[in-house]
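Below are the chains, spelled out letter by letter.
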Amino acid sequence: MEQFFQQVTNGLAVGSIYALIALGYTMVYGVLRLINFAHGDLFTYGAYLGMTLLTSFLLHDHLGLALALVVLAVMVMGLVAVIGVILERAAYRPLRESPRLSAVVSALGASIFLQNALMLVYGARYQVYPDVLPQTTVSFLGQQMPVMRLAVVLVSVTIMAALYLFVQKTKVGTAIRAAAIDQGAARLMGIDVNKVVTIVFVIGPALGGGAGLLVGLYYGQISFTMGWIYGMKAFTAAILGGIGNIPGAMVGGLLLGVVEALGAAYLSIAWKDAFAFLVLILILIVRPSGLLGERVAEKV
Amino acid sequence: MTKPMRLAVAMSLLAFGSARAADTVKIGLMAPMTGSWASEGQEMKRNVELLAAEQNARGGLLGKQIEVVLEDDGGDPRTAALAAQRLTTRGVVAVIGTYGSAVTEATQNILDEAGVIQVANGSTAVRLTEKGLKHFFRTCPRDDEQGRVGAATLEKLKAKKVALLHDSSAYSKGLADEIAAILKKRNIPIAFFDALTPKEQDYSAILTRLKAAGPDVVFFTGYYPEAGLLLKQKKQMGWKVPFIGGDAINNPDLVKIAGKDAAAGFQFLSPPVPKDLDTPEAKAYVASYQKKYGEAPSSIYGVLAGDGFRVVAKAIEATKSTDADKLRAYLVGQLKDFPGFTGKIAFNDKGDRVGELYRVYAVDAAGNFVLQK
């Protein structure tokens with residue numbers, strides 16, 4: 001039983017990272033019906049930018065740890081959002097009216113470009129974050145647990161809750177939801193759809209970049225190819241929860257993390273990933289639109 | 001251009017090419033200059049170029065200067081196969097390299113069929129020398145030797161329950177299997193045998209499961225990036241069981257990734273690192289390397305590439321020939337107790353190096369790798 005609780009918390013920590021990245025996939029898909037394959041690389045950019053800013057400005061020496069992390073998060077999320085907006089302008093907007101396949105190919109190309117550009121700038125070796133976080137552990141439900149693991153989960157859940165409220169309660173959020181339901185009708189209602197798309201490409205990459213920063217700070221070691229594996233998992237999480245659905249991405253991410261951890265605990269570790277994808281297939285057989293996805297009639 | 005003219009141009013180009021080739025003795029170097037093992041490749045290049053320059057200062061080989069022909073294998077089998085093909089078309093008499101076993105395997109047949117001697121420097125997988133290739137040698141040891149030393153180390157620690165963790169790669173799984181087979185013969189129970197997925201970052205689920213299996217000691221046969229994360233996350237969990245690793249963990253980046261606190265006490269197997277090479281030749285060489293590059297060699301695999309270069313040079317000098325079959329006959333039959341930087345070198349008829357090379361190292365509190373007696 002002790003192992004069970006331990007594994008559930010292990011899974012929640014990884015799962016909350018998956019969920020943060022999955023939000024970027026799901027929001028873009030919701031509005032544009034496009035799988036943004038470069039999203040995993042934006043996550044990697046967050047991790048690398050965080051490392052560069054942290055080591056070059058030594059923020060934690062000047063500002064104190066807590067304030068430094070807030071400033072760092074704002075800077076990283078802002079910069080990755082800028083990259084996200086440029087990406088949309090350069091790679092996706094010119095293809096908005098083209099067949100969906102062209103946009104997917106463009107997304108894959110953008111991913112390869114971003115990854116290799118990063119390698120040329122930083123080199124191919126693993127990069128390591130400076131050790132700035134406290135390594136203390138706390139007792140939680142009878143478990144010894146690193147404080148930072150709880151912090152990762154708390155930060156992710158707070159960000160996701162804030163995003164949910166933003167989309168449900170604000171005017172801009174309403175515009176995003178309207179554009180997701182029907183772009184044409186939204187335009188007729190006086191919504192600037194291009195603006196909505198830009199906002200989506202600010203929020204999604206910012207969240208992905210923030211997740212990259214969290215991963216860098218928490219795990220310490222980053223590489224230019226790390227976005228691929230996280231991107232795949234987050235994409236799976238988005239589908240699991242119902243792509244296009246924001247609470248679905250959160251539930252999907254957390255669930256995928258826990259399923260992986262429990263699969264590693266009680267089945268084979270080597271088969272952990274296979275097990276996660278098996279769950280995805282099973283859920284899609286029972287609910288083709290994902291856990292929280294609504295069954296929408298095909299538009300004709 | 002008319003057809004005869006084109007032919008004439010081609011012929012003269014060909015003649016020019018071969019005339020140039022005769023001026024120098026070309027020795028190929030295949031190394032991972034890019035990719036995740038790029039730092040190893042850089043070291044290989046430095047060692048071989050320094051030794052070639054020294055040999056040239058002494059008059060070269062067979063009265064000709066040595067030219068080192070470098071090809072990047074990218075640490076990737078597909079790139080390596082192309083690199084090997086390019087080397088064979090450039091008239092090299094021997095190829096030094098390369099590092100990873102799977103990468104070397106992709107080049108073995110290409111070089112062997114072209115009649116080019118290959119001396120690998122870091123590829124320890126057993127099967128590379130079990131294929132009966134006439135022209136393949138290696139200056140590094142094999143994983144079955146590593147398995148024996150690993151099992152002996154586990155016995156020395158008086159381990160009663162051992163956990164073996166690998167990463168499913170050819171090298172890592174092979175080494176774990178070797179150790180498991182020996183432990184079974186000695187009746188030491190294996191509490192855990194499984195693989196992790198490399199390149200992930202969160203290994204807490206695996207560590208939790210390992211902990212539940214209750215081993216006295218964990219042997220991880222993978223590479224240093226995962227080893228660093230495992231040590232770091234093990235410390236975060238407050239779990240104190242000792243970890244041991246294989247020779248792919250011998251890289252200073254391990255301590256960077258894990259942090260000094262978490263890495264301290266970790267033990268791994270490796271051929272001696274450069275600073276522990278104790279023959280007079282090796283000390284003189286490390287000094288001249290330091291003089292040229294401003295720092296001592298950091299990787300033993302670079303020095304092993306240097307040793308590969310030196311046995312090839314020795315064989316060419318002794319046989320006064322660059323014929324691959326004559327070189328092989330010399331390396332297998334006549335080269336005995338050659339004073340290599342990494343100890344005495346001789347080859348058996350499989351092309352494997354004779355003699356024990358593995359040592360046990362431990363990481364101390366300051367993050368240094370310390371040789372265990």
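Coordinates for the structure precede this section.
Residues numbered from 1 in each chain as written. Chains lettered and ligands numbered in written order. Predicted model: local features only at pLDDT ≥ 70, side-chain atom pairs only at ≥ 80, totals over all residues.

**Q** With reference to specific residues and values, describe the overall build of chain A.
**A** Helix and strand content of chain A: 12 helices and 4 strands. Relative to the 2.2 N^0.38 estimate, which gives 19 Å for 300 residues, the radius of gyration of chain A is 19 Å and therefore close to what a compact globule would have. When the backbone C-alpha atoms are referred to their principal axes, chain A occupies close to 55 × 45 × 35 Å. Taking the contacts inside chain A whose residues are at least 6 apart along the sequence as the reference set, 76% of them involve residues at least 24 apart. (Helix = DSSP H or I, 4+ residues; strand = E, 2+ residues; numbered from the N terminus. Rg over C-alpha atoms; globule rule 2.2 N^0.38 Å. Contact = placed C-beta atoms within 7 Å.)

**Q** Outline the overall build of chain B, supporting the account with residue identities and numerical values.
**A** Helix and strand content of chain B: 13 helices and 14 strands. A compact globule built from 373 residues would reach a C-alpha radius of gyration of about 21 Å, and chain B, at 22 Å, matches this within 12%. With respect to the three principal axes, the spread of C-alpha positions in chain B is 80 × 50 × 40 Å. For chain B, the residues scored as buried account for 49% of the 373 residues in total. Considering only intrachain contacts with a sequence separation of at least 6, the fraction spanning at least 24 residues in chain B is 67%. (Buried ≥ 20, exposed ≤ 12 C-beta atoms within 10 Å, placed from the backbone.)

**Q** Summarise the sheet that holds strand E7 (residues 190-195) of chain B; cite the residues concerned and give the values.
**A** Residues and elements named next belong to chain B. Reading across the sheet, the 7 strands line up as E7-E6-E8-E9-E10-E13-E14 and stay open at both edges, with mixed pairing between neighbours. Strand pairing shows two members of the sheet lacking a second neighbour, E7 and strand E14 (369-372), which therefore form its edges. Taken over all neighbouring pairs, the strand axes of this sheet differ in orientation by 25° on average, direction set aside. As paired elements, strand E6 (residues 162-166) and strand E8 (residues 217-220) share 4 bridges and run parallel to each other. Note on E8: the bridge partner recorded for Val162 is Val217. (Pairing = 2+ DSSP bridges. Axes fitted to C-alpha atoms, helices over the stretch in contact; angles between N-to-C directions.)

**Q** So what's going on with the environment of Pro215(B)? Which residues, and what values?
**A** All names here are of chain B. Of note, Pro215 is situated in the loop between helix H7 (204-213) and E8. Placed 51 residues apart in sequence, Pro215 and Leu164 show a C-alpha to C-alpha distance of 9.5 Å. Contacts of Pro215, omitting those with residues within four sequence positions, involve Lys161, Val162, Ala163, Ala191, Phe192, Leu210 and Val241.

**Q** How would you sum up the pairing of strand E2 (residues 65-72) of chain B? Please name residues and give values.
**A** Residue and element names in this part refer to chain B. Bridge analysis of strand E1 (residues 24-31) against E2 gives 8 bridges, and the strand direction is parallel. Note that in E2 the partner of Val25 across the bridge is Ile66. Regarding the hand of the β-α-β motif, the stretch spanning E1, helix H2 (residues 38-57) and E2 is right-handed. (Right-handed = clockwise from strand over helix to strand, strands pointing away.)

**Q** A description of unusual backbone geometry should follow, citing residues and the corresponding values.
**A** All names here are of chain B. A cis amide bond links Gly97 to the next residue, Thr98, at an omega of 15°. Position of Thr98 relative to the elements: it lies in the loop between strand E3 (94-96) and helix H4 (101-113). Although it is not a glycine, Ser168 sits at a positive phi angle of roughly 70°. Position of Ser168 among the secondary structure elements: in the loop between E6 and helix H6 (170-185). Backbone geometry at Lys199 places phi at a positive 75°, although glycine is not the residue there. Secondary-structure assignment places Lys199 in the loop between E7 and H7.

**Q** Give a description of the interface of chain B and chain A that names residues and reports values.
**A** At the interface, 30 residues of chain B touch 31 residues of chain A. Those elements giving two or more residues to the side of chain B that touches chain A turn out to be H2, E7, H7, helix H8 (224-237) and helix H9 (253-258) of chain B. Considering each element in turn, the side of chain B that touches chain A owes the most residues, 6 residues, to H7(B). Broken down by class, the residue content of the side of chain B that touches chain A amounts to 9 nonpolar, 13 polar and 8 charged. (Nonpolar A, V, L, I, M, F, W, Y, C, P; charged D, E, K, R; others polar.)

Any functional reading would require information that these geometric values do not contain.
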